[in-house]
Amino acid sequence: MEEVQGEKVLVYRERLQKLGCDQFLASYPNPILLERYLAPSSRIKLSAVETTSELNVKDLLATSESHQDEILLQARVIPLEKRDKHSSKRMIFVGRSPNNDVVLLNKMVSKLHAYFCQVPGSQIFQLVDMNSTNGTFINGSKVSPSVKMNLDDEDVISFGPETKLEFYSAGGFTDLLQQLD
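Residues numbered from 1 in each chain as written. Predicted model: local features only at pLDDT ≥ 70, side-chain atom pairs only at ≥ 80, totals over all residues. Heavy atoms only, no water.

Engineer: Account for the overall build of the protein chain, naming residues and giving values.
Structural biologist: The helix and strand inventory of the protein chain stands at five helices and 14 strands. Split into buried and exposed, the 181 residues of the protein chain put 45% on the buried side. Long-range pairs, those at least 24 residues apart, make up 50% of the contacts in the protein chain with a sequence separation of at least 6. Accessible surface for the protein chain amounts to roughly 9600 Å². Of this, 49% is attributable to carbon and sulfur atoms. (Helix = DSSP H or I, 4+ residues; strand = E, 2+ residues; numbered from the N terminus. Buried < 20%, exposed > 50% of the residue type's maximum accessible area, 1.4 Å probe, protein only. Contact = heavy atoms within 4.5 Å. Areas by Shrake-Rupley, 256 points an atom, 1.4 Å probe, with all protein chains shown as cover.)

Engineer: Tell me what's going on with the pairing of strand S9 (residues 125-129), and back it up with residues and numbers.
Structural biologist: Counting buried positions over the five residues of S9 gives five, a clear majority of the element. With antiparallel pairing between neighbouring strands as the criterion, strand S8 (residues 114-118) and S9 make up a hairpin whose turn holds six residues, including Gly121 at a positive phi of roughly 75 degrees. Of the strand pairs in this sheet, S9 and strand S12 (residues 149-150) are connected by two bridges, and their pairing is antiparallel. Its bridge partner lying in S12, Leu127 is registered against Met149. (Pairing = 2+ DSSP bridges.)

Engineer: Mind laying out the pairing of strand S2 (residues 32-35), listing which residues take part and the relevant values?
Structural biologist: Covered by surrounding structure in S2 are Ile32 and Leu34 together with Leu33 and Glu35, the residues of both alternating faces. Bridge analysis of S2 against strand S5 (residues 76-79) gives four bridges, and the strand direction is antiparallel. Bridging from a neighbouring strand, Leu33 pairs with Ile78 of S5. Across three bridges, the pairing between S2 and strand S14 (residues 163-168) is antiparallel. In the strand pairing of S14, Leu34 is matched with Glu166.

Engineer: How would you summarise the pattern of salt bridges if you had to cite specific residues and measurements?
Structural biologist: Two side chains bearing opposite charge may form a pair once their charged atoms approach each other closely. If you walk through the whole model with that rule in mind, you get three salt bridges. A salt bridge links Glu7 to Arg15, with the shortest nitrogen-to-oxygen separation between them at 2.8 Å. Arg15 gets classed as partly exposed once you look at its relative accessible area, which sits at 24%. Here Arg76 makes a salt bridge to Glu35, at a shortest N to O gap of 2.8 Å. Highlighted residues: Arg76 in strand S5 and Glu35 in strand S2, separated in sequence by 41 residues. With a relative accessible area of 11%, Arg76 lands in the buried category. For Glu35, a relative accessible area of 2% translates into the label buried. (Salt bridge = Lys/Arg side-chain N within 4 Å of Asp/Glu carboxyl O.)

Engineer: Residue-level account of the environment of Asp129, with values.
Structural biologist: Take Asp129: it is sitting in strand S9. Judged by its relative accessible area of 2%, Asp129 falls in the buried class. Distance from Asp129 to Ser144, taken between C-alpha atoms, is 6.7 Å for residues 15 residues apart in sequence.

Shown next as structure tokens:
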């Protein structure tokens, strides 16, 4: 199994500084998931890939703003895009199975856990739980299976009880990067 790889926020901040806002948005038009939460089972390996990033929970609770920025710069960015670029399907699938667009190697994530989709003709993205075993949550509220839920920047999405990711639109992510300067 191969987990979808993501680069660190630091790499994207450097690209934004190099390209400028307009060119950055043209180069990275998709929303992203930001992984900066440590799952309790992060030391458990499934195949040969860590289930989550290696951030220290104590670091996440630190109060220093510069320290928080440094932690954020080390967070992993997962672009929400189809693996098969030629696919015409609008759904971006998330789950433990290797054929998903976003692969989350955590035993608490279902093989086919959820999917993201864009409302046609808008910039609104939605999340749909695929009747997952351990549930999908947005900001702590459980998502009912098969119900499309609109997403906002900074929404915390939990796939099961352990895998927590933040959602950002392309513009919202660019704004976040600009705040780190």
